[in-house]
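For reference, the chains in residue letters:
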Amino acid sequence: IFSQVVPAPADPILGLTDTFKADPRTDKVNLGVGIYKDEAGQTPVLKSVKKAETILLDEEKTKNYLGIEGVTLYNSVVQALLFGDKHPVLDAGRAVTAQAPGGTGALRIAAEFVVRNTPSRVIWISNPTWANHQNIFETAGLSVKEYAYYDAAAQDIDFDAMLASLAGAASGDLVLLHGCCHNPTGIDLTLEQWQKVGELCRDKGLVPLFDFAYQGFGRGIEEDAEGLRLVAGMVPELLIANSFSKNFGLYNERIGAVTLVGASADEAKVAFSQIKRTIRANYSNPPAHGAMIVSTILSRPALKAEWEAELAEMRERIAEMRTLFVDSLAKAGVERDFSFISRQMGMFSFSGLDKAQVARLKDEFGVYIVGSGRISVAGMTKSNMPAICAAIAKVL
Ligand code: PLP
Ligand code: TYF
């Protein structure tokens with residue numbers, strides 16, 4: 001049977017890292033995958049995470065299975081991070097949360113839960129979006145449609161076009177929304193725009209699925225959740241897939257969560273039983289370590305404050321690189337206006353470079369960025385910046 005298997009295409013982002021690793025050049029730089037690097041070009045374990053791990057090493061008494069929904073304390077600290085200390089959804093007990101293996105695992109559980117238990121079969125994703133969305137949702141059995149999002153000429157969101165596409169959605173359709181730091185464009189909705197999207201979802205009976213992979217990388221932990229919290233207060237039902245890969249630097253621990261908000265506490269409880277069933281059918285119950293780290297940090301005020309400071313440091317370094325990037329391009333003699341880069345949010349900058357320019361950056365200069373022109377600003381440092389900008393100036 002295996003002789004009939006055809007080779008799968010490489011992931012456009014992770015596949016690029018494989019090519020990068022095989023590149024013998026010593027001055028190569030990987031600005032493809034969204035991984036935070038510090039000023040020394042490293043992705044170290046956060047100090048707050050190391051401290052939590054020391055505590056765990058000391059206090060852990062068993063490797064017994066977790067419940068299907070994961071670490072109990074974890075799910076309540078996750079809800080507090082998503083909704084804040086006080087939110088009508090929490091007061092009404094309408095949110096249920098299960099630990100998930102990363103944001104990816106959370107998206108997959110959410111989608112599979114919907115397909116198995118509801119009549120909904122369609123999800124709308126932004127054009128463009130994270131390369132894995134379509135893959136995850138189609139594999140789970142959803143059919144994927146696109147809504148307009150990015151206006152390449154204006155280097156900005158085309159909000160009217162977004163609303164116009166979503167006007168074509170049917171009641172019960174899911175709408176994938178990036179909670180903050182839109183991947184790949186870096187362009188987020190304003191609060192007024194979130195309000196309009198919330199109204200549209202409410203009036204048309206659309207169900208938001210928030211992909212929240214970058215909380216704290218945009219404007220701040222609370223600020224980045226404003227859109228989600230606003231929309232959650234407006235619609236009866238929604239789903240959230242959040243990830244701690246980036247904001248805790250826990251990439252390889254595979255830690256995130258899937259949260260469902262139901263119209264009532266009772267409906268949420270019933271839905272939760274089916275979310276747990278979906279998890280059982282996939283991996284029975286989740287691994288403990290990542291969730292133990294996150295709940296240890298978030299439940300101890302001193303450790304939480306330390307994590308917040310480390311997250312702020314990452315956020316501020318990226319913002320600094322954005323400004324430096326714009327300035328360094330100008331210094332390298334680039335005449336095109338790249339000031340839009342300093343208005344973008346999160347790890348990525350959507351540069352507007354075309355496929356041929358992206359290929360030249362890789363082949364001639366060892367500068368790896370995603371084919372869409374997406375550059376991981378989080379991989380830039382003061383020391384690699386001049387070479388990157390000189391290369392971009394040449395391919396322009
Ligand atoms: N969603 C978006 C928009 C992302 O950029 C990522 C990237 O990591 C994910 C989800 C997946 O996160 P995780 O690595 O936690 O699965
Ligand atoms: O967009 C990115 O670079 C990150 C990392 O299949 C990533 O989200 C990329 C591809 C992938 C999983 C994670």
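Residues numbered from 1 in each chain as written. Chains lettered and ligands numbered in written order. Predicted model: local features only at pLDDT ≥ 70, side-chain atom pairs only at ≥ 80, totals over all residues.

Inclusion rule: UniProt positions are given in the numbering used here, feature names are shortened, and annotations may be inferred rather than shown by experiment.
Labelled according to an unreviewed UniProt entry, the protein chain appears under the name Aminotransferase, originating from Shewanella jiangmenensis. What UniProt records for the protein chain under Sequence similarities (unreviewed entry) is the sentence "Belongs to the class-I pyridoxal-phosphate-dependent aminotransferase family." On record in UniProt, under Subunit (unreviewed entry), the comment for the protein chain is "Homodimer."

1. Here's the deal with the UniProt feature "domain: Aminotransferase class I/classII large" (unreviewed entry) in the protein chain
Quick note on the threshold: The numbering of helices and of strands both runs from the N terminus, where a helix is a DSSP run of H or I of at least 4 residues and a strand a run of E of at least 2.
Feature annotation in UniProt assigns "domain: Aminotransferase class I/classII large" (unreviewed entry) to the following positions: residues 26-392. As annotated, residues 26-392 comprises 44% helix and 15% strand, and the C-alpha atoms at either end are separated by 18 Å.

2. Some words on the site of ligand 2
Applied cut-off: Think of it this way: take the backbone, place a C-beta atom on it, and check whether that atom is within 6 Å of the molecule or strand, in which case the residue is near it. Residue ranges assigned to each domain were obtained from an automatic or database domain assignment.
Every residue lining ligand 2 is accounted for by Asp11, Ile13, Leu14, Val33, Gly34, Trp130, Asn132 and Asn183. If you count residues domain by domain, the shell around ligand 2 takes at least three from each of domain 1 (11-44 + 315-395) and domain 2 (65-299).

3. Here we look at the sheet that holds strand E7 (residues 174-178)
The condition is simple: Each pair of strands is called paired provided DSSP finds at least two bridges between the two strands. Note on definitions: angles span 0 to 180 degrees between N-to-C directions of axes, and those axes are lines fitted to C-alpha atoms, for helices only across the stretch in contact.
Read across the sheet, seven strands follow the order E2-E10-E9-E8-E7-E3-E4 without closing on themselves; strand pairing throughout is mixed. Of all the strands in the sheet, just strand E2 (95-100) and strand E4 (143-148) have a single pairing partner and so form its edges. The mean inter-strand angle of the sheet, taken between neighbouring strand axes irrespective of direction, is 25 degrees. When strand E3 (residues 122-127) meets E7, the two strands line up parallel, connected through two bridges.

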